[in-house]
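# Topology and contacts: notes
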Amino acid sequence: MNPLNIELGLGVLGLLLLLAEPFLSSSRKVLAYVAIAGLLVALLTLITSGGSMSVPATMQEFYIADALALFYKGVAIISTLAVIIISLEYAPVLNKFVAGDNARGKEAGLGEFVSLPLFVCVGMMVMASAKDLITIFVSLELVTVSFYVLVSFMRRSAMSLEAGVKYLILGALSTGLLVYGMAWVYGLTGQMSLDGIQKALVNWKGDNTPLLFGAALVLAGLGFKVAAVPFQIWVPDVYQGAPTPITAFLSVGSKAAGFAVLTRVVETFTAKGSVIGDQVIQLLLILAGATILVGNLSAIAQTNFKRLLGYSSIAHAGYLLLALACVHQHSLAIAPRNIVAFYLATYLPMTFLCFLVLSAAKAQGVGEDLKSLKGLGHKSPLLGLALTIALASLAGLPLTAGFMGKMFVIFAATYESNYLCLALAIIGAATGFYYYFKVILTIYSTPEVETEKIRLSVLSKVMLGVFVAAIIVIGVYPDAIQHVLVAAVK
Amino acid sequence: MITLNHYLFVSGILFAIGLTGVVARRNILTIYMCLEMMLSAANLTLVAFSRFHLTDGLPDYNAQALVFFTITVAAAEVAVGLAIIVALYRTKHSVDVGAVDNLKG
Amino acid sequence: MPAPLFYFFSLLMLIFGALVVICRNPVASALSLVVSFVGLAALFISLDAYFIGTIQILVYAGAVMVLFLFIIMLLDIRAEAGRKPNMLAVVGGIALAVIFLVQLGSVLSKNEMGNKTVADVPINYQTAAQVQKLDTIKADLQNSTLPDAKLVGQTLFNRYPFQIQLIGCLLLVGTVGVVLLSKREVN
């Protein structure tokens, strides 16, 4: 089967939803249900025909459907699914900040809010498969421009617009760096495809300074997208200001797609015999160490849960970069690209759980500050338990998914003998325990004022159940994901 | 004689001017113009390299295709970006960087 | 392109580029950017990229900058009167640019293909005509003219139709986004 069919289908679904929206007389939620159904079909198609994907000959130059691509396509679809479910919980807040005072319909903007993520999903799925500079650029920009709109979607909220402007400026800056870097990499190697660039890097004669210049600019451009230090400055503000479902999307989907591209680019730069391999690894290690440190240390002092998750997302990006940089180790049976994929698979459920709870809480009048979450564990025991499991997993408690992810990264760093980064990773993990467990303690403390019980829709409850199960299953039996990754290779 | 390095250096200077503007200016619209300047500088680098990588006796049109895509994307980005800036102006009545400082922590 | 013309258009581009950053009045900045882009388009044309040069003027200098001017007028933004620029940011910005340029200088000095001139890599019309399959382009090439727009179109639509559709999606999302963000009432 042609993997493009799925992307095409989702794109057409997005178009149809946009078209149907103005003529719809019933609730806009119908559109969300259609989108969810479409995404489920896409996911099923991807899983059932995963092994038999074949790319048409004319596209093989720039499009690849290997195990890695299929895995990240799956991540993109699941993230979009989760985002739309969370959006349904978040609809009241959205309505408040989109509709005008005298036209306060019940669901202003909801139709667009659930259709646009489908286009983002298409972009992320292409990013997972892209293997030439043009395709990488175009798909990345499709995702980025859609996010400009989605982040500033709540146009009557100054916070959302402010987040939008910050994301816009820094996103455009990263685009500039990326294109300039691509221009240099292309110009020196004369190749647009990553395969061609890799060959040129291996056969390079002469000084490698110009190549490093181009490679560093490309990595900087991509570093913005995955929130690596020192390109992380937009993260906390944008995470706090953006509508919560979009924050979740940025934190998981955008990051995963960014890492899909980064994996391919880094593998190209550090291929065996590449003249810039060693320097690129050094650069990545420095970025990874700084990212882990900055992300974890800044998270300690946070009082806003969304900002805290923003810094935590930076810290996780650091672990992912560290895994990516461990290209030399051969003792571990699992390659860096698979460690990164595994880590993202564990990161997905725990992050979405946190944002689901946050969205539902915000929609029902609870703030995003840590102190307004007080007593959540008593009022809504199941929700509290789910959040506790998610936070414990983010911290890396044994028997949760997060532990396995961190363990693989730390093993890889040990085999690679990167003791400085290893030390930073362990310090970071220890700090993580402190600030995540502070949140758990807050959830179970007694509130000063009585709060309402937070209710969830059936769909959200299903999602909650599936993700909690995923965290525990992966934590106890990590082979599950590895089987997916290995089976897809065969 | 004008060599490839001349073109690359000129585009590099334009890129650096844009970068300075992004860091130094406070008006969001000016910052956005500087970002467009950086993208154009990158385009000049691409076109210069494309002219010097002859394939079958012609400039490499793959690079010019990338330039075409960057120009399209930049135009779309400008449209979206200006809409966001206008929406921001409606709530804040300012396009100064100092006006966007509610998000802190 | 003769060297004096190259220097003229480069200086035009860079001086007006610098004016974009220096001018305190946004309208002056926008107009400087238009002039800067005209210089840039001339450089594109000197590199035999006629089509890119033309759309640089049409899209950037024409459409994009008019949009900028329109927004500046619409919002009635005055010069940043009386506001002192943030000296720290100015110094930081200049320092960043200097570091970047020093870096670029060292890269260029080691760039081995950098010393070629356009005359060193002449366009070979006859070779190109032999491998070209499309008749109209072939005829142009045999007459030793460069059918630039046709070649760009051929590359775009033969090699990158998929990317064009993705760009189409992007423009659609952009359009929907702009309408959403600026519509007075959303029902």
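Residues numbered from 1 in each chain as written. Chains lettered and ligands numbered in written order. Predicted model: local features only at pLDDT ≥ 70, side-chain atom pairs only at ≥ 80, totals over all residues.

### Focus: the overall build of chain C
Put simply, the rule reads: Runs of E in the DSSP output that reach at least two residues are strands. Runs of H or I that reach at least four are helices, and both are numbered from the N terminus. Just to be clear, the radius of gyration here is over C-alpha atoms, and the globule rule we use is 2.2 Å times residues to the power 0.38. Comment: burial labels come from other C-beta atoms within 10 Å of the residue's own C-beta, placed from the backbone, where a count of 20 or more is buried, 12 or fewer is exposed, and between is partly exposed. Each residue is represented by a C-beta atom placed from its backbone, and any two residues with such atoms within 7 Å are regarded as in contact.
In terms of helices and strands, chain C carries eight helices and zero strands. Each helix and strand of chain C, placed in order from N terminus to C terminus, yields the pattern α-α-α-α-α-α-α-α. Relative to the globule expectation of 16 Å for 187 residues, the C-alpha radius of gyration of chain C, 22 Å, shows a markedly less compact shape. Overall size of chain C, expressed as C-alpha extent along the three principal axes, is 65 × 55 × 25 Å. Burial analysis of chain C (187 residues in total) assigns 34% to the buried set. Counting contacts in chain C only where the partners sit at least 6 residues apart, residues at least 24 apart contribute 42% of the total.

### Things to note about the interface of chain A and chain B
To keep it simple, the criterion reads: Residues were grouped as follows: Ala, Val, Leu, Ile, Met, Phe, Trp, Tyr, Cys and Pro as nonpolar; Asp, Glu, Lys and Arg as charged; and all remaining residues, including Gly, as polar.
Taken together, the contact between chain A and chain B spans 40 residues of the former and 34 residues of the latter. Elements represented by at least two residues in the side of chain A that touches chain B include exactly α5 (133-151), α6 (158-189) and α9 (234-241) of chain A. If one sorts the elements of the side of chain A that touches chain B by residue count, α6 of chain A sits on top with 20 residues. Counted by class, the side of chain A that touches chain B contains 23 nonpolar, eleven polar and six charged residues.

### Here we look at the nonpolar core
Rules: By definition, a nonpolar core groups buried Ala, Val, Leu, Ile, Met, Phe, Trp, Tyr and Cys residues that connect through C-beta atoms lying within 7 Å of each other.
Ranked by internal contacts, the top residues of the largest apolar core, which has 304 residues, are Met127, Leu284, Leu322, Ala323, Tyr343 and Leu353 of chain A together with Ile84 of chain B. Considering each element in turn, this core owes the most residues, 21 residues, to helix α3 (residues 67-98) of chain A. Beyond its immediate stretch of four places on either side in the chain, Leu353 of chain A contacts Ala386, Leu387, Ala390, Leu464 and Phe467 of chain A.

### Describing the interface of chain B and chain C
Opposite the 61 residues of chain B that make contact, chain C presents 75 residues. Among the elements that make up the side of chain B that touches chain C, the one with the highest residue count is helix α3 (residues 61-92) of chain B (21 residues). Residues that form the side of chain B that touches chain C fall into these classes: 43 nonpolar, 13 polar and five charged.

### Section: the confidence of the model for chain C
Heads up, the rule is: Per-residue confidence from the predictor is given as pLDDT, running between 0 and 100.
On average, residues of chain C score 90 in pLDDT, and 95% of them reach the 70 mark or higher. The ipTM value of the predicted complex is 0.96, and its pTM value is 0.95.

### Here's the deal with the packing of helix α13 (residues 336-363) of chain A against helix α18 (residues 458-476) of chain A
All names here are of chain A. So the rule is basically this: Lines fitted to C-alpha atoms define the axes, with helix axes restricted to the stretch in contact, and inter-axis angles between N-to-C directions lie between 0 and 180 degrees. Crossing chirality is assigned from the near helix's rotation relative to the far helix, an anticlockwise turn below a right angle marking it left-handed and a clockwise turn marking it right-handed.
One can describe the packing of α13 onto α18 by two numbers: an axis separation of 9 Å at closest approach and a directional angle of 145°. α13 and α18 meet at a crossing whose hand is left-handed. From α13, Thr346, Pro349, Met350, Phe352, Leu353, Leu356 and Ala360 reach across to α18, where they touch Ser460, Met463, Leu464, Phe467, Ala470, Ile471 and Ile474. For the contact of α13 with α18, the class distribution of residues is twelve nonpolar, two polar and no charged.

### Here we look at unusual backbone geometry
Pro230 of chain A follows Val229 of chain A through a cis peptide bond whose omega is 5°. If you trace the backbone, Pro230 of chain A turns up in the loop between α8 (209-226) and α9. A positive phi angle, near 65°, is found at Asp48 of chain C, a position not held by glycine. Position of Asp48 of chain C relative to the elements: it lies in the loop between α2 (26-46) and α3 (50-75).

### Quick word on the confidence of the model for chain A
Scored by pLDDT, chain A comes out at a mean of 90, with 95% of its residues at no less than 70. Here helix α19 (residues 479-489) of chain A stands out as the element of chain A with the lowest mean pLDDT, 62, in contrast to α5 of chain A, whose mean of 96 is the highest.

### Let's talk about helix α7 (residues 148-159) of chain C
Cut-off, in case you're wondering: Each residue after the first adds 1.5 Å to the expected span of a helix. The reported arc concerns the directions from the helix axis to the C-beta atoms and nothing else.
The end-to-end C-alpha distance of α7 of chain C, which contains twelve residues, comes to 16 Å, matching closely the 16 Å that a straight helix rising 1.5 Å per residue would cover. Of the residues making up α7 of chain C, those classed as buried are Asp148, Leu151 and Val152 of chain C. Along the long axis of α7 of chain C, the arc covered by the buried residues comes to 100°, so they all point the same way. Exposed and oriented more than 90 degrees from the buried face of α7 of chain C are Phe157 and Asn158 of chain C. Lining the buried residues of α7 of chain C we find α3 of chain B together with α3 and α6 (135-142) of chain C.

### Brief notes about the environment of Ile276 of chain A
Residues and elements named next belong to chain A. Residue position: Ile276 is located in the loop between α10 (244-269) and α11 (277-300). For the pair Ile276 and Leu201, spaced 75 residues apart in sequence, the C-alpha to C-alpha distance is 7.5 Å. Not counting residues up to four positions away in its chain, the partners in contact with Ile276 are Leu201, Asn208, Leu211, Leu212, Ala215 and Phe269.

### Things to note about the packing of α5 of chain A against α6 of chain A
All names here are of chain A. Keep this limit in mind: To sort the angles, those under 35 degrees are grouped as roughly parallel, those over 145 as roughly antiparallel, those from 65 to 115 as roughly perpendicular, and the leftovers as oblique.
At a minimum axis separation of 10 Å, α5 and α6 run at an interaxial angle of 175°. Here α6 runs roughly antiparallel to α5, going by the angle between their axes. For the pair α5 and α6, the contacting residues are Leu133, Phe137, Glu141, Thr144, Phe147, Tyr148 and Val151 in the first and Ala163, Gly164, Tyr167, Leu168, Gly171, Thr175, Val179, Met182 and Tyr186 in the second. When grouped by side-chain class, the residues that make up the contact of α5 with α6 number eleven nonpolar, four polar and one charged.

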